[in-house]
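Topology and contacts: notes
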Amino acid sequence: MSAGALPPLIEAQLSYVVKHSSPSIRVDQIWSGGKNTTHCDRFTLLIPFCLDYIRWDVIYNAHSPFAAPDIIFGAEDEGFEPLSVYCEGEGEAWSKSSLSNWNSRDPSKLLSLIHELRDIYKSYQRTRVGELDDDRLKFEISTIVSREEIEVCVVTGPERPEEVKFSVPLLDVDLNKLLHNFPWRHQQKIHVQVVFPVSRKYSAPSAPRIKLVSSPDLKTLFSVDDVKLPQWLDGMCMAEYLPILEDNLKVQIVEAIASVGARRRFIEALAPIFGRPLEADQVFCRRASVLAISGIVSVLVHFHIPTQFPKQQPVLVMQSCQHFTQGVPIMSPPVSDYPWSPRWEPSQMVERIFDFLVDECSNFKMQCTAAI
């Protein structure tokens, strides 16, 4: 075993966590618990919770790799005592826990333990929020408690006001089935994060901070960063706000799916004018590349098509096939100042771009010649 490596049994446990956790658990650092050892036997995991991460240290013993690990929680969670949950269950809860029947040769055991502790941590955080002397927050929880998969936590810090963060999944629809042939391996979701300041006295509250968060893969179809959030009106609560937000999202997702069809028709319209594209994104239709000829110079034109197409026009980048600097093809800066109207038919859009590129490719050719 190389210096600094994890023992095989521990390595198998960690590898299983990284490969099979959903949402993904990340490894922050790996280190050794002893000074005179060639083995690492502990690591820090970043565990998704409430649209953020909590840090837990997993402590094994390299000399006893068959033993179950210890888990050290963050300093801000001194009151989190998951073992008390097993004690309260009078043995039944403990008998069902991953620790009671730990098997170091089963690589899935660590992930099962993390999921188990995370569920207890979720209940612990909800209890903490319920114990706050804040009528508004108690009301917020009581009105959305029926929603599934809600997470809530108290956020504290030495130089920041105490806050409560909510994570709420949105849209009771299967986003993976909205469009055929989407190559998504995991279930795509959109969550809203709502952060309230903790107030010891109920008064006319200010609007909370609101942010949309989606699965990273979903951005290829629909970017939540572009969503304009509905206004939070005075006296409003989450139970009133969330349906408005979800209706807003449904409309924009329908538009995003329609945009895929519009982008596909645009790419198909390239062939009669430029010839068949050399490359094209056939699923989300976000990219296409064609060959343009200016005299004896061949130029690749790359189309980067935004999710807001046709409201937003494609960005063009020209690449010389014959001019290189240090072995790298010369490319133009992104170009978007060409004639465009979202009301044009795809064929007219492409014709206008072709006419624009007749002169632009000549100018690019001179720039390439001057650059080498």
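Provided above is the structure to which this section pertains.
Residues numbered from 1 in each chain as written. Predicted model: local features only at pLDDT ≥ 70, side-chain atom pairs only at ≥ 80, totals over all residues. Heavy atoms only, no water.

**Concerning the pattern of salt bridges**
Scanning the model with the defined rule gives nine salt bridges in all. Of the charged contacts, one joins Glu149 and Lys189 as a salt bridge, the two residues approaching to 3.2 Å between their closest N and O atoms. In this pair, Glu149 is assigned in the loop between α5 (135-144) and β5 (151-157) and Lys189 in the loop between β6 (160-170) and β7 (190-197), connecting sequence segments 40 residues apart. Assessed through its relative accessible area of 44%, Glu149 is described here as partly exposed. On the basis of relative accessibility, which here comes to 34%, the residue Lys189 falls in the partly exposed class. (Salt bridge = Lys/Arg side-chain N within 4 Å of Asp/Glu carboxyl O. Helix = DSSP H or I, 4+ residues; strand = E, 2+ residues; numbered from the N terminus. Buried < 20%, exposed > 50% of the residue type's maximum accessible area, 1.4 Å probe, protein only.)

**Some remarks on the sheet that holds strand β4 (residues 70-72)**
Sheet architecture is open: four strands sit in the order β1-β2-β3-β4, paired in antiparallel fashion. With one partner strand each, in any of the chains shown, β1 (26-31) and β4 form the two edges of the open sheet. Adjacent strand axes in the sheet meet at a mean angle of 25° when their direction is disregarded. Packing of helix α4 (residues 109-130) onto the sheet brings it into contact with β2 (42-49), β3 (52-59) and β4, and relative to β2 it is tilted by some 50°. (Pairing = 2+ DSSP bridges. Axes fitted to C-alpha atoms, helices over the stretch in contact; angles between N-to-C directions. Contact = heavy atoms within 4.5 Å.)

**A few points about the nonpolar core**
Membership of the largest hydrophobic core comes to 37 residues, with the highest contact counts inside it found for Val164, Phe166, Leu170, Ile190, Leu212, Phe222 and Leu249. Among the secondary structure elements, those contributing two or more residues to this core are α5, β5, β6, β7 and α6 (238-274). Take this core: its biggest share by element is nine residues, from α6. Counting residues in each nonpolar core, the second largest holds 31 residues, with Phe266, Val301, Phe364 and Cys368 among its members. (Core = buried A, V, L, I, M, F, W, Y, C linked by side-chain atoms within 4.5 Å.)

**Topic: the state of the cysteines**
Any covalent bond linking the sulfur atoms of two cysteines counts as a disulfide. Evaluation of the coordinates by the stated rule reveals zero disulfides. The thiol sulfur of Cys50 is not disulfide-bonded, and the nearest other cysteine sulfur, from Cys153, lies at 3.8 Å. Judged by relative accessible area, Cys50 falls into the buried class, the value being 1%. Cys368 takes part in no disulfide bond, and the closest cysteine sulfur, belonging to Cys361, lies 9.7 Å away. Accessibility expressed as a relative area gives 1% for Cys368, which makes it buried. (Disulfide = S-S within 2.5 Å.)

**What about the side chain of Thr307?**
For Thr307, the location among the structural elements is in the loop between β11 (297-304) and β12 (315-325). For Thr307, a relative accessible area of 11% corresponds to the buried category. Ignoring any residue separated from it by four or fewer positions in sequence, one finds Thr307 in contact with Lys219, Thr220, Leu221, Asp226, Ser259, Arg263 and Arg286.

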